[in-house]
Amino acid sequence: MEKYVAIVGTNSEESTNRKLLHFMKDYFGREVDIDIIEIKDFPVFNKPDNSELPIIVKEVAEKIESADGVIISTPEYNHAVPAALMNALNWLSYHTYPFVDKPVMVTGASYGTLGSSRAQLHLKQMLDSPELKARIMPSSDFLLSHSLQAFDEEGQLIDEEQIQKLHALFNDFRHFVAMTNQLMSAHKQNKQEAKDFSWETI
């Protein structure tokens, strides 16, 4: 069975992005294994002098490394991703590089009408950075707007059209994962480039 990591892109206790990922875990549970990852316990990134990574960062990095693909669901704060998600990605590109060549699907839920569209664009730009080098599924935005009204009391999506769209996009992502994981000839070099990259020497 394919294994995916799904990252909750916020430290909010009441996030509808968490609800979205739990819905996906339940809805696609017969087809794939989705492990939901929280980032709320990541310490604030501080570039430690001894380059030692916190245990939680090592654990999450190992899960990403071993996964077939990654799903990240982000809210939108001031046209950008939350500080907590940026913080997690900072850790996950510091002396550990699990996102290099890793297929990523970006989703997002927001209380308003745009469904975190600008935050998703911001996140994709970050994932394309020299230290992360993820492979982002193109033309695949799942934008869940008015997310406070989108779920029933059991955490199920209410709108059948949204469910069908999510299902279709996730099926496409599975194909994208299969194709992308065949394109690994330069993986060793890509990983080394991420390790060697430094903004200070540009």
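Residues numbered from 1 in each chain as written. Predicted model: local features only at pLDDT ≥ 70, side-chain atom pairs only at ≥ 80, totals over all residues. Heavy atoms only, no water.

### With respect to the nonpolar core
Note the cut-off: Put simply, a nonpolar core is a bunch of buried Ala, Val, Leu, Ile, Met, Phe, Trp, Tyr and Cys residues held in one set by side-chain atoms that sit within 4.5 Å of each other. Only protein chains enter the calculation, and the probe is 1.4 Å; a residue is then buried if its accessible area is under 20% of its type maximum, exposed if over 50%, and partly exposed in between. Think of it this way: any DSSP run of H or I at least four residues long counts as a helix, any run of E at least two long counts as a strand, and we number them from the N terminus. Two residues form a contact once any of their heavy atoms are found within 4.5 Å.
Ranked by size, the top nonpolar core spans 30 residues in total, and within it Ile7, Ile72, Phe99 and Leu127 carry the most contacts. Counting residues per element, the ones that place at least two in this core are strand 1 (2–8), helix 2 (55–66), strand 3 (69–73), helix 3 (83–91), strand 4 (103–109) and helix 4 (117–127). Sorting elements by how many residues they give to this core places helix 3 first, with five residues. Setting aside anything within four residues of it in sequence, one finds Ile72 in contact with Ile7, Leu85, Phe99, Val104, Met105, Val106, Thr107, Leu123 and Leu127. Met24, Ala150, Phe173 and Phe176 belong to the second-largest nonpolar core, a separate cluster that totals 27 residues.

### Some remarks on the UniProt feature "domain: NADPH-dependent FMN reductase-like" (unreviewed entry) in the chain
Rules: UniProt positions are given in the numbering used here, feature names are shortened, and annotations may be inferred rather than shown by experiment.
UniProt annotation of "domain: NADPH-dependent FMN reductase-like" (unreviewed entry) refers to residues 3–147 when read in the numbering used here. Annotated as 30% helix and 20% strand, the span residues 3–147 places its first and last C-alpha atoms 27 Å apart.

### Describing helix 2
Operational definition: A helix is expected to span 1.5 Å for every residue after the first. In this description, one arc is meant: the one made by directions from the helix axis to the C-beta atoms.
The end-to-end C-alpha distance of helix 2, which contains twelve residues, comes to 17 Å, matching closely the 16 Å that a straight helix rising 1.5 Å per residue would cover. If you check which residues of helix 2 are buried, you get Val57, Val60, Ala61 and Ile64. Down the axis, helix 2 shows its buried residues gathered within 100° of arc, on one side only. More than 90 degrees from the buried face of helix 2, the exposed residues found are Ile55, Glu62 and Ser66. Buried residues along helix 2 sit in contact with strand 1, strand 2 (32–37), strand 3 and helix 3.

### Considering helix 4
Taken as a whole, helix 4 has its buried residues at Ala119, Gln120, His122, Leu123, Lys124, Met126 and Leu127. The elements touched by buried residues of helix 4 are strand 3, helix 3, strand 4, strand 5 (135–136) and strand 6 (142–144).

### Examining the pattern of salt bridges
Rules: A side-chain nitrogen of Lys or Arg and a carboxyl oxygen of Asp or Glu constitute a salt bridge if their distance falls within 4 Å.
Within this structure, the stated rule accounts for twelve salt bridges. Salt-bridge contacts for Lys40 lead to Glu13; the nearest nitrogen and oxygen are separated by 3.5 Å. Placement of Lys40 in the loop between strand 2 and helix 2 and of Glu13 in the loop between strand 1 and helix 1 (16–27) is noted, with a sequence separation of 27 residues between them. Between Arg174 and Glu31 there is a salt bridge, and its shortest N-O distance comes to 2.8 Å. One end of the pair, Arg174, is in helix 5 (residues 160–180); the other, Glu31, is in the loop between helix 1 and strand 2, with 143 residues separating them in the sequence.

### Points about the packing of helix 3 against helix 4
Helix packing geometry: the angle between the two helix axes and the distance between the axes. Here is the rule: Simply put, an axis is a line fit to the C-alpha atoms, just over the touching stretch for a helix, and the angle between two N-to-C directions goes from 0 to 180 degrees. Orientation labels follow simple angle bins: below 35 degrees gives roughly parallel, above 145 gives roughly antiparallel, 65 to 115 gives roughly perpendicular, and whatever is left gives oblique. Residue type decides the class: Asp, Glu, Lys and Arg count as charged, Ala, Val, Leu, Ile, Met, Phe, Trp, Tyr, Cys and Pro as nonpolar, and the leftover types, Gly among them, as polar.
Between helix 3 and helix 4, the shortest axis-to-axis distance is 12 Å and the interhelical angle comes to 10°. Viewed along their axes, helix 3 and helix 4 adopt a mutual orientation that is roughly parallel. Contact residues: helix 3 offers Leu85, Met86 and Leu89, while helix 4 offers His122, Leu123, Met126 and Leu127. Counted by class, the contact of helix 3 with helix 4 contains six nonpolar, one polar and no charged residues.

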